[in-house]
Amino acid sequence: MARERIGIMGGTFDPIHQGHIRMAQCALESLSLDRVLMLPSGNPPHKPDITPAEDRYRMVCAACADIAGLTPCREEIDRDGVIYTVDTLSILQEKYPRAELYYLIGADTLMELRNWRRYETVLTLCTFVVCPRSWTYTPKQLTEERKRLAALGGRFVLLDMDVTDISSTRARQAIRDGENLPQVPLQVRQYARIAGLYGAPLRIPDGPRWLGMLFNDLSTKRFSHTLAVADTARSLALLHHLDADKAELAGLLHDCAKCLPLKEMQRIARENRLTEDERILESGALLHSVVGAYLAKAKYGCQDEEVLHAIRSHTTGQPGMSPLAMAVWLADTIEPTRTPYPLLDKVRLLASLSLQKAMIASLEGTLQHVRRKGETVHPATLDTLAWLQTQST
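These notes cover the structure that comes with them. Keep in mind the model is a prediction, meaning the values are calculated, not measured.

**Remarks on the nonpolar core**
So, point 1. Counting 108 residues, the largest nonpolar core has Ile16, Met38, Trp210, Phe223, Leu252, Leu253 and Leu330 as its most contacted members.
So, point 2. Those residues in contact with isoleucine 16, other than ones at most four positions away along the chain, are Ile21, Met38, Met59, Val60, Ala63, Cys64, Pro185 and Val188.
So, point 3. Leu39, Leu110, Cys126 and Phe156 belong to the second largest nonpolar core, which has 27 residues in total.

Right, here's the structure in full:
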């Protein structure tokens, strides 16, 4: 049996950014790794003042949710005390006894290895993948140090990749100042702003608490999608002069019931008399909006009826739905991480011009798709489309 090839990318990830992600992807492809463990540090001895580990781990999960081969790892943040790489590598070697471990480092870190705890032992536990990340040292210095460490038993692979011009310091500054740097994944900046990290103003008072609840209640992919919807809903609200904070809040909570088993959703709906529509009760894809609005109020504590209305109507739609509800509905269908589908680009363009026209185009596309499959659309969706068509004339 071939040995598994596992990459390890450790770091504070405060926050994770495209420089980290591209390095991991380059190693994954260039070295034919089976996966790369994205390993947020727990309590590194050289960085005492960092963001809480759980926040950094959640941002890593959100950023990597749709990237094959990148696997968030809690190995260091679940350990107490000061964390040293030699201990982490020893644990991972025991956990994956048949694997070859490849530890990703920047070129600047190569020059610092001699200062690591028990670095001679570290050299025996993995192959180091050296990535170009700094011009602090000359090529001659790097070559000489690599040869010195190789003589002690170290194994090194040089990764050929372009350097991404971004640092975590720059990423934190951009998040604080409301700047949307493309090198910072939108899920990361959205999480940080909702959590009030890095000096960003806290727009949703219960945001930090809700983020923790949602991370526990949703799958990683659904959590990532939720952050993207909140970001897109806010952008649409600003564009169409709506309450951006309410739109962001509704986007954040819109799928809070999505990962519940259907039977649990049905129980909640029946016990609280949320709907008598059997077609909705039999479909998790439809029922989660109704149950989600209930949980947003009963469990999460959201009392804003306009927000709850937007959550309740984000699947089938509803005649008379508010512009805010339209913005949330559209954000759910056009957020940037959505898998491409017919009319997506058209709906995204229309959404920047007219919420009603964008919804009409999207609903008409959905109707055609469902009919081609020989299925039927819920009557509420047909009623919503008809209502929107009368509003746009």
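**Observations regarding the environment of leucine 110**
So, point 1. Turning to its location among the elements, leucine 110 is positioned in helix α4 (residues 107–110).
So, point 2. For the pair leucine 110 and leucine 142, spaced 32 residues apart in sequence, the C-alpha separation works out to 7.3 Å.
So, point 3. Ignoring anything within four residues of it in the chain, the contact list for leucine 110 reads Ile105, Leu142, Glu145, Arg146, Leu149 and Phe156.

**Observations regarding the pattern of salt bridges**
Pairs may arise between side chains of opposite charge once their charged atoms sit close together.
So, point 1. Applying the stated criterion to the full structure yields 25 salt bridges.
So, point 2. Between glutamate 4 and arginine 35 there is a salt bridge whose closest N-O contact spans 2.9 Å. Note that glutamate 4 is positioned in the segment before β1 (5–11) and arginine 35 in strand β2 (residues 35–40), a separation of 31 residues in sequence.
So, point 3. The residue arginine 234 makes a salt bridge to aspartate 245 at a minimum N-O spacing of 2.7 Å. Of this pair, arginine 234 sits in helix α10 (residues 220–239) while aspartate 245 is found in helix α11 (residues 244–253), placing the two residues 11 residues apart along the sequence.
So, point 4. Since its relative accessible area comes to 15%, arginine 234 is described here as buried.

**Regarding the packing of α11 against helix α15 (residues 305–312)**
So, point 1. In the contact formed by α11 and α15, the axes pass within 9 Å of each other and the chain directions differ by 45°. Here α11 lies oblique to α15, going by the angle between them. Where α11 crosses over α15, the handedness of that crossing is right-handed. For the pair α11 and α15, the contacting residues are Lys246, Leu249, Ala250 and Leu253 in the first and Glu306, Val307, Ala310 and Ile311 in the second.
So, point 2. Its residues assigned to classes, the contact of α11 with α15 shows six nonpolar, no polar and two charged.

Calculation rules
Residues numbered from 1 in each chain as written. Predicted model: local features only at pLDDT ≥ 70, side-chain atom pairs only at ≥ 80, totals over all residues. Heavy atoms only, no water. Core = buried A, V, L, I, M, F, W, Y, C linked by side-chain atoms within 4.5 Å. Buried < 20%, exposed > 50% of the residue type's maximum accessible area, 1.4 Å probe, protein only. Contact = heavy atoms within 4.5 Å. Helix = DSSP H or I, 4+ residues; strand = E, 2+ residues; numbered from the N terminus. Salt bridge = Lys/Arg side-chain N within 4 Å of Asp/Glu carboxyl O. Axes fitted to C-alpha atoms, helices over the stretch in contact; angles between N-to-C directions. Parallel < 35°, antiparallel > 145°, perpendicular 65-115°, else oblique. Left-handed = near helix turned anticlockwise from the far one by under 90°. Nonpolar A, V, L, I, M, F, W, Y, C, P; charged D, E, K, R; others polar.

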